[in-house]
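# Chains, contacts and geometry: an overview
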Amino acid sequence: MASAWWPCLILALLSGLAASGFLRSPSRPLGKRSLPEGVVNGIEVYSTKISCKVTSRFAHNVVTTRAVNRADTAKEVSFDVELPKTAFITNFTLTIDGVTYPGNVKEKEVAKKQYEKAVSQGKTAGLVKASGRKLEKFTVSVNVAAGSKVTFELTYEELLKRHKGKYELYLKVQPKQLVKHFEIEADIYEPQGISTLDAEASFITNDLLGSALSKSFSGKKGRVSFKPSMDQQRSCPTCTDSLLHGDFIITYDVNRESPANVQIVNGYFVHFFAPQGLPVVPKSVVFVIDVSGSMHGRKMEQTKDALLKILDDMKEEDYLNIILFSGDVTIWRDNLVQATPENIQEARTFVKNIHDQGMTNINDGLMRAINMLNKAREEHRVPERSTSIVIMLTDGDANVGESRPEKIQENVRNAIGGKFPLYNLGFGNNLNYNFLESMALENQGLARRIYEDSDANLQLQGFYEEVANPLLTGVEVEYPENAIQDLTQNAYQHFYDGSEIVVAGRLLDEDMNNFKADVKGHGVSWVTPDKIILWNGAAQSTFGWLDTVTVTQDGLSVTINRKKNMVVSFGDGVTFVVVLHQVWKKHPVHQDFLGFYVVDSHRMSAQTHGLLGQFFHPFDFEVSDIHPGSDPTKPDATMVVKNHRLTVTRGSQKDYRKDVSIGTKVACWFVHDNGEGLIDGVHSDYIVPELF
């Protein structure tokens, strides 16, 4: 993927400015003149514009800076841009006195070598380097003759990710001097329609921001414009330096009439999936914390502060444990424990007494955590409908026990076996971050660097908030095999609240304008033979089958009839009935179960599908050749349906829609072989695992 180029991108102006004779020419003599305001060291940056075009979450950004050398001698002009680490450069040009020199974007090692060679030959080159938490810095410098003008133009692109319910366009602003024409413009187009749009700046008060900022959205389009005057840019009313130094962040979200949205353009498609209103899946989380000697001091205190805050935020349905590793491994509890108030208080006491000591045994710490989670699942110590997570924090490399990175990765990979994700947090810079990232990615997690700043504890808390609320587990997005190719990742261990799953691919038939996509995943059981859970956002209400209650909100009505059924009605009179079928308590095999019935199926859309939905609307069939079967009381016949000839058997079934206790006997034809030939696909497509 293009984004993989990013940390090692180089832009080399290999056309050779020196060869043109421009850089080596003598300075032009200029008469003495007064310099306009905003000139620093002879250089006036008179225009900086950041133009952003966002379409369907994909941002195309162009940064253009124009400068003139007001000095009497040649001057070096630098162009610095800090860009998101998830972005990738697509173009760069340098224009001097009307002559444009295009750049070449190179990859990794080839780029480094060409950069060094270009610099040694006196040519102009730019290199991308890491610059803080979210950014990489692109820097290029050029020698500009007196009186000459230079224009830098950098183009980069990125796919905006949904984070905590919003898409974020992150721009770093740092002109370093007053700029006569400074402007940020962002035009956003979202086919689903824009629901919210906002912008904020870390370097300016809201009062000043408001006078320089305009934002608006309507329907599918949104626009943000930030144009501070020179006076608004000043750090104080009489200052000549700029206060524009910090973050400018645009956030927005889209309308979601359904959980999924598919967009098709020129034979390619992108599928966005972000369901809302689902209850949070309980989680079992083990924190694996490095307490070696290198964690001494502020790092250890910040880690403890973050853990204490995280413990306060855990839900009582969750399970947890804490494992500390140095030269040895220390565990808080032998097994996972539920996050009850009493257990949380004991965990807080344990965290407060953590002290740093010894060396770094990453392998044993991780293996204890993974084995603990596996054991809890095997012994049914945690809810069946829950998920497992390992979060590991370290500030160094393994130096005791198994210390070979490749062997640690192998051990972890084999132990997890693809069952749950591993998240690795690297504290500081004195560690093998590539190892942490590789190990996390191959176990369906991710790595994050925690920077040694005063807010490191907030960084830790912020990461936990991203993974604290899983809504679905084992998410798979499936497409017709004969219609799609070049598919991106379509299986995810978790879907987290406020995030989004994005899958893209190429259509074999470029003229295709629609296709079927199936999204499968496991969430929390809302209705069981034991209880009924109703969710309203994060709030939940729990009822039993002995209750009689009606809940109505926003056009949805839920009525629980004691020991009988639950009636759900919404929209234009569409009604579903969930019937509680109770079985003799001492039956050796059968359990109480729920029957799902649709009362007003004719009101459902023709696009409705599923095991029931595909039969909501009339379809053609013919029954003939009725003859005796193996059971004299149940004749066989031939049914022609959906271009299939099927053998069917006469029988009867109970309809519980009117009489939920005894039901009404109705005659019907039974289709053999799990409905093969009658239902679309095969029966296993409709099976929901772990019903009880």
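The residue count restarts for each chain, going from 1 along the sequence in the order it is written. Only residues with pLDDT of 70 or above have their local features reported here, since the model is predicted, and side-chain atom pairs are shown and tallied only from 80 upward, although totals for entire chains, interfaces and linings are computed over all residues. To obtain the side-chain values, all non-hydrogen atoms of the structure were included, while hydrogens and water were left out.

- Naming follows an unreviewed UniProt entry, where the protein appears as Inter-alpha-trypsin inhibitor heavy chain H3 of Ursus maritimus.
- Looking at the Sequence similarities (unreviewed entry) heading of the UniProt record, one finds this comment for the protein: "Belongs to the ITIH family." UniProt positions are given in the numbering used here, feature names are shortened, and annotations may be inferred rather than shown by experiment.

### Comments concerning the nonpolar core
- Grouped together as the largest cluster of nonpolar side chains are 53 residues, with contacts concentrated most on Phe79, Val150, Phe152, Phe203, Phe226, Phe248 and Ile250.
- Element by element, the count of residues in this core is highest for strand β3 (residues 43-55), at 5 residues.
- Not counting residues within four places of it along the chain, the set of residues in contact with phenylalanine 152 comprises Val63, Thr64, Thr65, Val77, Phe79, Phe92, Thr93, Leu94, Val140 and Val142.
- Joining through side-chain atoms within 4.5 Å is the link that ties buried Ala, Val, Leu, Ile, Met, Phe, Trp, Tyr and Cys residues into a set, and such a set is a nonpolar core. Note on classification: 1.4 Å probe, protein chains only; a residue is buried when its accessible area is under 20% of the maximum for its type, exposed when over 50%, partly exposed between these limits. Membership of the second largest hydrophobic core comes to 37 residues, among which are Val337, Phe427, Phe463 and Tyr464. Under the DSSP-based scheme used, a helix requires at least four consecutive residues in state H or I and a strand at least two consecutive residues in state E, with every element numbered from the N terminus. Note on contacts: a residue pair is in contact if any heavy atoms of the two residues lie within 4.5 Å.

### Examining empty space enclosed by the protein
- The way it works is a 1 Å grid over only the protein atoms, where trapped points that fit a 1.4 Å probe form a cavity and open points with protein on both sides within 12 Å along at least five of seven lines form a pocket, and then any residue with an atom within 4 Å of a point lines it. Grid points are joined across faces, edges and corners, and a volume is the space filled by probe spheres set on the points. Applying the stated criterion to the full structure yields 2 cavities of 30 Å³ or more.
- Computed from the structure, the largest cavity encloses a volume of approximately 100 Å³.
- Lining the largest cavity, in full, are Phe287, Ile289, Thr303, Ala306, Leu307, Ile310, Ile391, Leu393, Leu425, Leu460 and Tyr464.
- For the lining of the largest cavity, the secondary structure elements donating two or more residues are β21 (283-290), α4 (298-313), β25 (387-394) and α9 (456-467).
- Broken down by element, the residue count for the lining of the largest cavity peaks at 4 residues, all from α4.

### Considerations on the packing of helix α6 (residues 362-378) against helix α7 (residues 405-416)
- Under this scheme, a helix contributes an axis fitted over its contacting stretch, all axes are lines through C-alpha atoms, and angles between N-to-C directions fall in the 0 to 180 degree range. Here α6 crosses α7 at 5°, and the two axes come no closer than 10 Å. Regarding the angle of α6 to α7, the classification is roughly parallel. Facing Asn363, Leu366, Met367, Ile370 and Asn374 of α6, the residues of α7 in contact are Ile408, Asn411, Val412, Ala415 and Ile416.
- Of the residues assigned to the contact of α6 with α7, the class counts are 7 nonpolar, 3 polar and no charged. In these notes the angle categories are as follows: under 35 degrees is roughly parallel, over 145 is roughly antiparallel, 65 to 115 is roughly perpendicular, and the rest is oblique. Classes in brief: Ala, Val, Leu, Ile, Met, Phe, Trp, Tyr, Cys and Pro nonpolar; Asp, Glu, Lys and Arg charged; the others, Gly included, polar.

### Thoughts on the state of the cysteines
- Pairs of cysteine sulfur atoms within 2.5 Å are identified as disulfides in what follows. The tally for this structure, following the rule as stated, stands at 1 disulfide.
- Disulfide pairing is shown between cysteine 236 and cysteine 239; the S-S distance is 1.7 Å. The chirality of the disulfide connecting cysteine 236 with cysteine 239 is right-handed, given an S-S dihedral of about 95°.
- Residue classification places cysteine 236 among the partly exposed residues on the basis of a relative accessible area of 26%.

### Digging into the pattern of salt bridges
- Any carboxyl oxygen of Asp or Glu within 4 Å of a side-chain nitrogen of Lys or Arg constitutes a salt bridge here. Tallied over the entire structure, the rule returns 31 salt bridges.
- A salt bridge links lysine 304 to glutamate 301, with the shortest nitrogen-to-oxygen separation between them at 3.8 Å. Taken together, the positions of lysine 304 and glutamate 301, both in helix α4 and 3 residues apart, correspond to about one turn of that helix.
- Judged by its relative accessible area of 43%, glutamate 301 is partly exposed.
- Within the structure, one salt-bridge network assembled from shared partners comprises Lys49, Lys53, Glu183, Glu185, Asp187, Arg223 and Lys227.

### Digging into the sheet that holds strand β37 (residues 565-570)
- Pairing between strands is defined by DSSP: at least two bridges between the two strands are required. In space, the 5 strands of this open sheet follow the order β35-β36-β37-β38-β39, with antiparallel pairing throughout. Edge positions in the sheet fall to β35 (549-553) and β39 (593-598), since each has one partner strand and no second. Between one strand axis and the next, the sheet turns by 15° as a mean value, whatever way the strands run.
- Here 6 bridges tie β37 to strand β38 (residues 574-581), and the two strands are oriented antiparallel to one another. Residue pairing for β38: phenylalanine 570 is matched across the bridge by valine 574.

### Overview of the environment of aspartate 313
- As for its placement among the helices and strands, aspartate 313 is situated in helix α4.
- In this structure aspartate 313 comes out as partly exposed when scored by relative accessible area, which is 36%.
- In this structure the C-alpha to C-alpha distance between aspartate 313 and glutamate 465, which are 152 residues apart in sequence, comes to 9.0 Å.
- Of the polar contacts made by the side chain of aspartate 313, one reaches the side chain of lysine 309; its length is 2.8 Å. Pairing of N or O atoms within 3.5 Å defines a polar contact, subject to two protein rules: one partner must be a possible hydrogen donor and the other a possible acceptor, and residues neighboring in sequence count only if both atoms are side-chain atoms.

### Structural notes on the pairing of strand β14 (residues 181-189)
- Here β3 pairs with β14 via 9 bridges, running parallel. Opposite lysine 49, over in β14, you have glutamate 183 as the bridge partner.
- In terms of strand pairing, β14 meets strand β17 (residues 221-226) through 6 bridges, oriented antiparallel. The residue bridging glutamate 185 from the neighbouring strand is serine 225, located in β17.

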